[in-house]
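# Results of the structural survey
Chain residues, written in single-letter form:
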Amino acid sequence: MSARTVGGEGNCVAHGRCRSSSSPKMASETKAIGWAARDTSGHMSPIEFSRRALGPKDVKFSIKFCGVCHSDWSTVTGEWGPPMFPVVPGHEIVGVVEEVGSEVTKLKVGDHAGVSTYVNSCGSCRICEKKLPQHCNGVVWVYNSVDHADGLPTYGGYSNLMVVNERFCLVLPKNLPLDGAAPLLCAGATVYSPMKRYGMGKNGNRFGVVGLGGLGHMALKFAKSFGMHATVISTSPAKEKMAREELGADNFIVSKDPKQMEASVGTLDFIIDTVSAIHPLDPLLNLLAPQGQLIFVGGGVGKCEFDSLPLCFGGKSIGSSCIATLEELQEMLDYCGEKNLVCTIEKIPIDYINEAYKRMNKGDVHFRFVIDVGNTLKPQN
Ligand code: NAP
Ligand code: ZN
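Residues numbered from 1 in each chain as written. Chains lettered and ligands numbered in written order. Predicted model: local features only at pLDDT ≥ 70, side-chain atom pairs only at ≥ 80, totals over all residues. Heavy atoms only, no water.

### Focus on the packing of aromatic side chains
Selection rule: To pair, rings of Phe, Tyr and Trp, with the six-membered ring standing in for Trp, must have centres within 6.5 Å; the planes then decide the type, stacked if under 30 degrees apart, edge-to-face if over 60, and tilted in the middle. Counting from the N terminus, the helices are the DSSP runs of H or I reaching at least four residues and the strands are the DSSP runs of E reaching at least two. The buried label goes to any residue with under 20% of its type's maximum accessible area, the exposed label to any with over 50%, and the partly exposed label to all in between, with areas taken from a 1.4 Å probe on protein chains only.
All chains considered together, the criterion is met by 10 aromatic pairs. For the pair Tyr118 and Phe168, a centre-to-centre distance of 6.1 Å together with 80° between the ring planes defines the contact as edge-to-face. Here the residue Tyr118 occupies a position in strand E6 (residues 118–120), and Phe168 occupies one in the loop between strand E10 (161–165) and strand E11 (170–171), the gap between them amounting to 50 residues. Residue Tyr118 shares its accessibility class with Phe168, and that shared class is buried. Each residue in the set Tyr192, Phe222, Phe226 and Tyr335 is aromatic and connected to the rest through ring pairs, giving one cluster.

Structure below.
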């Protein structure tokens, strides 16, 4: 999730929303090209912009692929707060290292690198000490933010190159294809993190995922790789064949069908909810076994209601999760390298992005759009 700078309007740890012109700018910034939104229509078009010059701890890589997350759409359309236009989205970013600063030890030229949703944090607060930079008040999102390190606006991965502090740069196992690996940087990490943190893969737990999109299909893949019995809860009956045959789902429930929902009451120990819109919770809580847990990762904006009595009598809980720590991101990438696990993608040229957003909003994607940046992003004369 990479939308607004958290901590409120006054949060100038990261020059929150102010794009301060008094911040130091580094010499000889690097020219970059990409695609940007300029207003909340969500329409994307080409842009030229600058990246900071390579610092001693920075890695510079040419972006090869970038996944298209629903959060990109929620950010550029202002669903999550006023955007700082122009916004170059993209936080599932992978590429090949071109240059490293003099103090960089983690990566070398030619390595496969990735960047997720955040590229800096204050580094000194209690939350940062707990290694939870994504929750720091001074978090710097990879786009739609201002980096307190250089005072420059951040721009995401719908662009040709990235300059990032090595701490926030992930190492991709070389055996993974870059295109299928790109969405691991958000979709993969966002579901892997709570699945590990809550110990979902242990003790024969039965798993359910709500919403079979980018995040949802990765939750299903991880559940099967952990050896779990996995159920998909979906509004789209047409996805059942793919869920069972391509992704190995053991059960598929159409959430709009009360009979199917009734047949599975009390059967699941964990549910990860990836739905991108507000939706009724009681039917999902009913699917949980006693002491079961419903974990929200979807970013729909609005108030959710639930009936507290059956929740309490069942000893059930509701939790949530936001992306992943840097350690979890790297662990997840290494795990995917070991298991040869990647996302199921539709590769698109960058000039297809406006159509891709339309299709994503209709749930018509198999299962993640990934922009072929390396081959299709060209300078506009
Ligand atoms: P996506 O590919 O568009 O998938 C979302 C799925 O939700 C759809 O495919 C659809 O699945 C289901 N859905 C959509 N509208 C629905 C509705 N009105 N009622 C019920 N189900 C509905 O989106 P994504 O990229 O996976 O992202 C999912 C959500 O997670 C977004 O809100 C995104 O912003 C958020 N997110 C959060 C984090 C985090 O850190 N917590 C990180 C990344 C993304 P079916 O057709 O199967 O029903
Ligand atoms: Zn995302």
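### Regarding the coordination of the zinc ion (ligand 2)
Filter applied, for reference: Each metal's donors comprise the N, O and S atoms found within 2.8 Å of it (within 3.2 Å for Na, K or Ca). Water is not part of the atom list, so some coordination spheres may appear incomplete.
Protein-derived coordination of the zinc ion (ligand 2) comes from Cys69 (SG), His91 (NE2) and Cys186 (SG), at a distance range of 2.0 to 2.2 Å. Ordering the donors of the zinc ion (ligand 2) by residue number gives the pattern C-x21-H-x94-C. Taken as a pair, Cys69 in the loop between strand E3 (58–67) and helix H1 (70–76) and Cys186 in the loop between helix H3 (178–181) and helix H4 (187–197) lie far apart in primary sequence, 117 residues in all. Judged by its relative accessible area of 2%, Cys69 falls in the buried class. Overall, Cys186 belongs to the buried group, its relative accessible area being 2%.

### Concerning the packing of H4 against helix H5 (residues 214–225)
The test is simple: Here, axes are lines fitted to C-alpha atoms. For helices the fit covers the stretch in contact, and angles between N-to-C directions go from 0 to 180 degrees. Roughly parallel here means an angle under 35 degrees, roughly antiparallel means over 145, roughly perpendicular means 65 to 115, and every remaining angle is called oblique. Helix crossings get a hand from a simple test, with the near helix turned counterclockwise from the far one by less than a right angle marking a left-handed crossing and a clockwise turn marking a right-handed one. The criterion used for residue contact is that any of the two residues' heavy atoms lie within 4.5 Å. Residues are grouped as follows: Ala, Val, Leu, Ile, Met, Phe, Trp, Tyr, Cys and Pro are nonpolar; Asp, Glu, Lys and Arg are charged; all remaining types, including Gly, are polar.
One way to put it is that H4 packs onto H5 with a least axis distance of 8 Å and a crossing angle of 50°. With respect to H5, the element H4 is oriented oblique. In the packing of H4 onto H5, the handedness of the crossing is right-handed. Facing Ala187, Gly188, Thr190, Val191, Tyr192 and Met195 of H4, the residues of H5 in contact are Gly214, Leu215, Met218, Ala219, Phe222 and Ala223. Considering only residue class, the contact of H4 with H5 consists of 9 nonpolar, 3 polar and no charged.

### Observations concerning the environment of Asn251
Tracing the sequence through the fold places Asn251 in strand E14 (residues 251–254). On the basis of relative accessible area, Asn251 is assigned to the partly exposed category, the value being 23%. For Asn251 and Tyr357, which are 106 residues apart along the polypeptide, the C-alpha to C-alpha distance reads 29 Å. Excluding residues that lie within four positions of it along the chain, Asn251 makes contacts with His229, Ala230, Thr231, Val232, Arg244 and Ser264.

### Focus: the site of ligand 1
Put simply, the test is: Only a single heavy atom is needed: when it lies within 4 Å of a molecule or strand, its residue is near that molecule or strand. Any pair of N or O atoms that falls within 3.5 Å is considered a polar contact. Within protein, one atom must be able to donate a hydrogen and the other to accept it, and sequence-neighbouring residues count only if both atoms are side-chain atoms. For the accessible areas, the method is Shrake-Rupley and the probe is 1.4 Å, while residue cover comes only from the protein chains on display. The domain limits used here are those given by an automatic or database domain assignment.
Not every one of the 28 residues close to ligand 1 is listed here, only the nearest: Ser234, Thr235, Ser236, Ile323 and Arg368. Between ligand 1 and His70 there is a distance of 2.8 Å, counted from an oxygen atom to a side-chain nitrogen or oxygen. Within the side chain of Lys239, a nitrogen or oxygen atom sits 2.7 Å from an oxygen atom of ligand 1. Alone, ligand 1 offers 920 Å² of accessible surface; in the complex the protein occludes 88% of this. Listing elements by their share of the shell around ligand 1, those giving two or more residues are H1 and H5. Residues of the shell around ligand 1, tallied by class, amount to 12 nonpolar, 14 polar and 2 charged. Residue assignment places the shell around ligand 1 across two domains, with domain 1 (4–177 + 343–376) and domain 2 (187–320) each supplying three or more.

### Notes on the UniProt feature "domain: Enoyl reductase (ER)" (unreviewed entry) in the chain
Short version of the rule: UniProt positions are given in the numbering used here, feature names are shortened, and annotations may be inferred rather than shown by experiment.
UniProt tags residues 42–371 as "domain: Enoyl reductase (ER)" (unreviewed entry). Counted over residues 42–371, helix gives 26% and strand 27%. Its end C-alpha atoms are 17 Å apart.

### A word on the pairing of strand E4 (residues 93–100)
Applied cut-off: Any two strands between which DSSP finds at least two bridges are classified as paired.
Pairing geometry for E3 and E4, over 7 bridges, is antiparallel. If you follow Lys60 over to E4, its bridge partner there is Glu99.

### Considerations on the nonpolar core
As a reminder, the rule being used: Definition of nonpolar core: a set of buried residues of the types Ala, Val, Leu, Ile, Met, Phe, Trp, Tyr and Cys, connected through side-chain atoms within 4.5 Å.
Phe61, Tyr158, Phe207 and Phe222 are the most contacted members of the largest nonpolar core, which has 101 residues in total. Mapped onto the domain boundaries, this core takes at least three residues apiece from domain 1 (4–177 + 343–376) and domain 2 (187–320). In terms of nonpolar packing, the next biggest core, distinct from the first, is built from 14 residues, Ile271, Leu281, Phe296 and Leu311 among them.

### Describing the domain arrangement of the chain
The criterion, for reference: Summed over both partners, the accessible area (1.4 Å probe) lost when two parts come together is defined as the buried area. Here, a salt bridge means any Lys or Arg side-chain nitrogen found within 4 Å of an Asp or Glu carboxyl oxygen.
If you check the domain split of the chain, you get domain 1 (4–177 + 343–376) and domain 2 (187–320). Between the C-alpha centres of domain 1 and domain 2 there is a distance of 29 Å. In this complex, domain 1 contributes 10 residues to the contact, which on the side of domain 2 involves 15 residues. Roughly 1100 Å² is buried in total at the junction of domain 1 and domain 2, and carbon and sulfur atoms are behind 60% of that figure. Our count for the contact surface shared by domain 1 and domain 2 stands at 0 salt bridges.

### With respect to the sheet that holds strand E12 (residues 206–210)
Taken together, 6 strands build an open sheet; the order of strands is E14-E13-E12-E15-E16-E17 and the sheet is parallel. Each edge of the open sheet carries a strand with a single partner, namely E14 and strand E17 (317–320). The average angle at which neighbouring strand axes cross in this sheet is 20°, direction not considered. Pairing geometry for strand E13 (residues 229–234) and E14, over 4 bridges, is parallel. Among the inter-strand pairings, Ser234 is bridged to a residue of E14, identified as Val254. Sheet strands touched by H4: E12, strand E15 (268–273), strand E16 (288–296) and E17. Its angle to E15, the strand with the most contacts, is close to 155°.

### Concerning the state of the cysteines
Short version of the rule: Throughout, a disulfide means two cysteine sulfur atoms within 2.5 Å of one another.
The tally for this structure, following the rule as stated, stands at 0 disulfides. As a non-bridged cysteine, Cys304 has Cys322 as the owner of its nearest cysteine sulfur, 16 Å distant. Residue classification places Cys304 among the partly exposed residues on the basis of a relative accessible area of 35%.

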